Amino acid sequence: MSHPAETNPHGLNAVFGDETEPLPLFNAWYAEAAHAEPYDHTAFALATADANGRPSVRMLLLKGADENGFAFYTNLNSRKAAELRGNPHAAICFHWKNLRRQIRIGGPVTPVSDGEADAYFASRDHGSRVGAWVSLQSSPMASRAELEQRLAELQAKHPEGDEVPRPPHWSGWRLRPSEVEFWLHGGDRLHERLLYQKTGDGWERSILYP
Ligand SMILES: Cc1cc2nc3c(=O)[nH]c(=O)nc-3n(C[C@H](O)[C@H](O)[C@H](O)COP(=O)(O)O)c2cc1C
């Protein structure tokens with residue numbers, strides 16, 4: 001990707017802008033990614049660590065980004081959920097290949113409210129709501145037939161058009177960012193990096209070497 005020659009007062013590419021907090025730039029890049037990425041610009045990697053500090057990472061879909069943080073949903077009996085309960089800090093990373101951009105975000109996580117989880121669950125299509133009941137996510141499964149049996153039972157209980165309540169084992173978390181790094185591809189691997197770090201009541205901006 002070519003870089004516009006124009007830079008901001010920090011000597012950074014103009015696409016970084018001059019915002020004193022990271023959310024406006026996140027929103028701008030996210031909106032651009034919505035057009036640039038053919039499959040799903042909401043996908044990100046979520047890194048968690050267990051109580052011994054051993055990390056694990058997997059892809060998720062972002063379901064909200066605002067001044068309160070970055071929300072995602074999952075099965076509360078999953079590995080990630082167990083790790084987040086034991087160590088409520090996480091890091092997430094978006095990579096938009098077509099834009100050659102990356103955003104890394106880290107910070108503490110807290111569960112979303114029941115009301116919020118209910119509202120998001122209700123917005124999902126019927127199949128996904130049934131699926132949330134059927135999957136014992138991250139638990140060993142004897143065979144695919146076991147899953148299909150559970151699915152048939154749930155479909156009989158909640159046929160298409162039926163209201164499907166949110167399972168008690170399904171909800172979300174919100175990561176409240178304490179640092180956000182924007183990365184932009186540069187020639188000769190001399191990429192550009194802008195880091196925002198939370199201070200008491202604001203954000204500190206620094207430029208990092210590639
Ligand atoms: C693009 C993509 C998006 C995904 N989105 C979600 C999601 O939003 N929530 C979720 O629980 N799993 C999602 N998954 C599945 C997870 O990557 C993972 O397999 C699952 O959550 C179990 O992870 P765990 O065993 O570490 O808890 C997604 C996978 C991919 C490839």
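Preceding this section is the structure that the text describes.
Residues numbered from 1 in each chain as written. Predicted model: local features only at pLDDT ≥ 70, side-chain atom pairs only at ≥ 80, totals over all residues. Heavy atoms only, no water.

A. Spotlight on a negative patch on the surface. On the surface, D18, E19, E21 and E67 cluster together into a patch of negative charge. Relative to the assigned elements, E19 resides in the segment before α1 (23-36). (Patch = residues over 30% accessible without salt bridge, like charges linked within 9 Å, V, L, I, M, F, W, Y side chains within 5 Å. Areas by Shrake-Rupley, 256 points an atom, 1.4 Å probe, with all protein chains shown as cover. Salt bridge = Lys/Arg side-chain N within 4 Å of Asp/Glu carboxyl O. Lys, Arg positive; Asp, Glu negative; His and termini not counted. Charge placed at Lys NZ, Arg CZ, Asp CG, Glu CD. Helix = DSSP H or I, 4+ residues; strand = E, 2+ residues; numbered from the N terminus.)

B. Quick peek at the packing of aromatic side chains. Under the counting rule described, the total for this entry stands at 16 aromatic pairs. Look at F16 and W29: their rings are 5.8 Å apart centre to centre, the planes differ by 35°, and that puts the pair in the tilted class. Of this pair, F16 sits in the segment before α1 while W29 is found in helix α1, placing the two residues 13 residues apart along the sequence. There is no split in this pair, since F16 and W29 are both buried. Taken together, the aromatic side chains of F26, Y30, F44, F70, F72, F94 and W96 make up a single cluster linked through ring pairs. Over the aromatic face of W29 sits the side chain of R101, whose NZ or CZ is 4.6 Å from the ring centroid. (Phe/Tyr/Trp six-rings, centres within 6.5 Å; stacked < 30°, edge-to-face > 60°. Buried < 20%, exposed > 50% of the residue type's maximum accessible area, 1.4 Å probe, protein only. Lys NZ or Arg CZ within 6 Å of the ring centre and 35° of its normal.)

C. Structural detail: the site of the ligand. Near the ligand, the surroundings consist of R58, M59, L60, L61, Y73, T74, S78, R79, K80, Q137 and S138. Residue T74 places a side-chain N or O atom 2.6 Å away from an oxygen atom belonging to the ligand. Protein chains bury 65% of the 620 Å² of accessible surface belonging to the ligand in isolation. Contributing elements (two or more residues each) for the shell around the ligand: β2 (55-61), β4 (69-75) and α2 (79-86). Of the residues forming the shell around the ligand, the biggest block, four residues, is contributed by β2. (Near = heavy atom within 4 Å. Polar contact = N/O pair within 3.5 Å; in protein donor to acceptor, adjacent residues only side chain to side chain.)

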